[in-house]
Amino acid sequence: MVLVARARPPVPGEHDVWTPVTFTTPETTATPTEPTAVTSDLPALDTTAARRRRKYRIPLVSGLVVASLAVTGGAMAYNAHKTVTLDVDGHVTTISTFAGSVQGLLDAQNVRLSGHDVVSPAPSKPLTDGADVVVRYGRELTVQADGKQSSTWVTALDADEALSALSMRGTDVALVASRSSDRASLPLRLDAEGPVAVVHDGKTVVVPDGSQGLDAVLTAAGVKLGAQDLVHVVDVADAHISAAVAKGAGVAVVVQRVVQKDVTTTTAIPFPTQTKDDATLYKGESKVVQEGKNGVRTVVANVVTVDGKQTQRTQKSDKVTTQPVAKIVANGTKARPVAAPAPAAAPAAAASTGSSGPVMSGSPRAIGQQLAAARGWTGSQWTCLESLFQKESGWNPSAYNASSGAYGIPQALPGSKMGSVASDWKTNPATQITWGLNYIAGRYGTPCGAWGHSQASGWY
């Protein structure tokens, strides 16, 4: 016959949370009720280690219906004096009594029972001399197994005994502590007979006295809990603690550090490029009117980490905090002027090697355009030549490169090479340009050939 009385509220501070255990009398065997599922966001526990199968100190189960507790001591009165042992939740006393039944003894000792408590022998049984009467109070525990939580009742003396009882169901389990501010509690002691291992922040501390409540054990281990930290109690084997480190501990208190905070990340938004026509520039010319600037996208997410590993990420906002600035490029639309044909004598004079080169009027650029046109280098060929000499010297006949020694509009190296055209190569732009055109024609064929090489290698 299985007996369970109504549950007594746990004494504050006496214990620390619980599950039903099976109690079998000689008459019958009862099956504990199934636990009620509880929703939770706790991370799954690593329960790969084989749980040790320890003996119950008192194999009692809660959650069953008592046949009758309304039996008075007088109903089965055996008024002879007797000496009995009364074990109330691990507190053992020897009592001299005239009570005739177990119920009578409990009434005389002011032991109040509730729906999840258990008594052995049954309250209705006669009380005999030398009897051992055992009372176990039921406590409700939150149990986690295979990543899921459930609520269940136990009548174990401590967490060590509760884990042993629950392991007989064939499931590795952990007892989940309730949290309040900076405290953690379990409605039963951790280990009434041995030390307790506390695992936190990558280390293990063994507290010699496991009979204390959970909060006291954590204090003894020097653990300060954060508001969101998780605490659960497991068999020491499931905590992967070696025997040398455990130092005889049967249960382990595992503290998981939980941090929840908003994390802000920013990413660049590439800027676009826009073009526009510019009538002040020749066709083929361009310039940057406005430099581009990347924009900024800002994402804010709430991130939860457990022992430094992210377990949850919830996006709170995603918006453009800085708009990109477009790059604007102006492209020329103005037609280039057509150069007047050079005098017939000009090329001959340019090609001569007299003491002085041809005398031509106008700017060096205008002279260059005339000499190029005389060779048929107009249109795109003139554009290439203009760009090449602009890059080399800016059309300055006195341009000198101190590092290389290059000189003049075409940057001849050395400048004296231009003496092959005329002796006034240092000052006469026509002489310098004529030499440059001869050089381009002989080496690259056309100004665009020379300009392409200059763009690719930096020199021509």
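Conventions adopted
- Residues numbered from 1 in each chain as written.
- Predicted model: local features only at pLDDT ≥ 70, side-chain atom pairs only at ≥ 80, totals over all residues.
- Heavy atoms only, no water.
- Helix = DSSP H or I, 4+ residues; strand = E, 2+ residues; numbered from the N terminus.
- Areas by Shrake-Rupley, 256 points an atom, 1.4 Å probe, with all protein chains shown as cover.
- Phe/Tyr/Trp six-rings, centres within 6.5 Å; stacked < 30°, edge-to-face > 60°.
- Buried < 20%, exposed > 50% of the residue type's maximum accessible area, 1.4 Å probe, protein only.
- Disulfide = S-S within 2.5 Å.
- Pairing = 2+ DSSP bridges.
- Axes fitted to C-alpha atoms, helices over the stretch in contact; angles between N-to-C directions.

**A look at the overall build of the chain**
Of the regular secondary structure elements, the chain holds nine helices and 21 strands. As presented, the chain carries roughly 22500 Å² of accessible surface, and 53% of it is formed by carbon and sulfur atoms.

**Focus on the packing of aromatic side chains**
Summed over the entire model, instances satisfying the criterion amount to six aromatic pairs. Seen from their ring centres, Trp382 and Trp395 are 5.8 Å apart, and the 50 degrees between their planes marks the pair as tilted. Of this pair, Trp382 sits in helix α7 (residues 380-392) while Trp395 is found in the loop between α7 and α8 (429-443), placing the two residues 13 residues apart along the sequence. Comparing Trp382 with Trp395 shows no difference in burial state: the two are buried. An aromatic cluster of at least three residues, connected via ring pairs, comprises Trp435, Tyr439, Tyr444 and Tyr460.

**As for the state of the cysteines**
Across all of its chains, the model carries one disulfide by this definition. Sulfur-sulfur distance for the disulfide between Cys384 and Cys448 comes to 2.2 Å. Residues Cys384 and Cys448 are joined by a disulfide whose S-S torsion is about 85 degrees; by sign, that bridge is right-handed. In this pair, Cys384 sits in helix α7 while Cys448 sits in helix α9 (residues 447-457), placing the two residues 64 residues apart along the sequence. With a relative accessible area of 24%, Cys448 lands in the partly exposed category.

**Some points on the sheet that holds strand β20 (residues 309-322)**
Strand pairing in a sheet relies on backbone hydrogen bonds, with the paired strands running either antiparallel or parallel. Read from one edge of the open sheet, three strands run β16-β19-β20, paired in antiparallel fashion. Looking along the sheet, the strands with just one partner apiece sit at the ends: β16 (258-269) and β20. With strand direction ignored, the average angle separating the axes of adjacent strands in the sheet is 20 degrees.

Distances and angles like these do not, on their own, reveal function.
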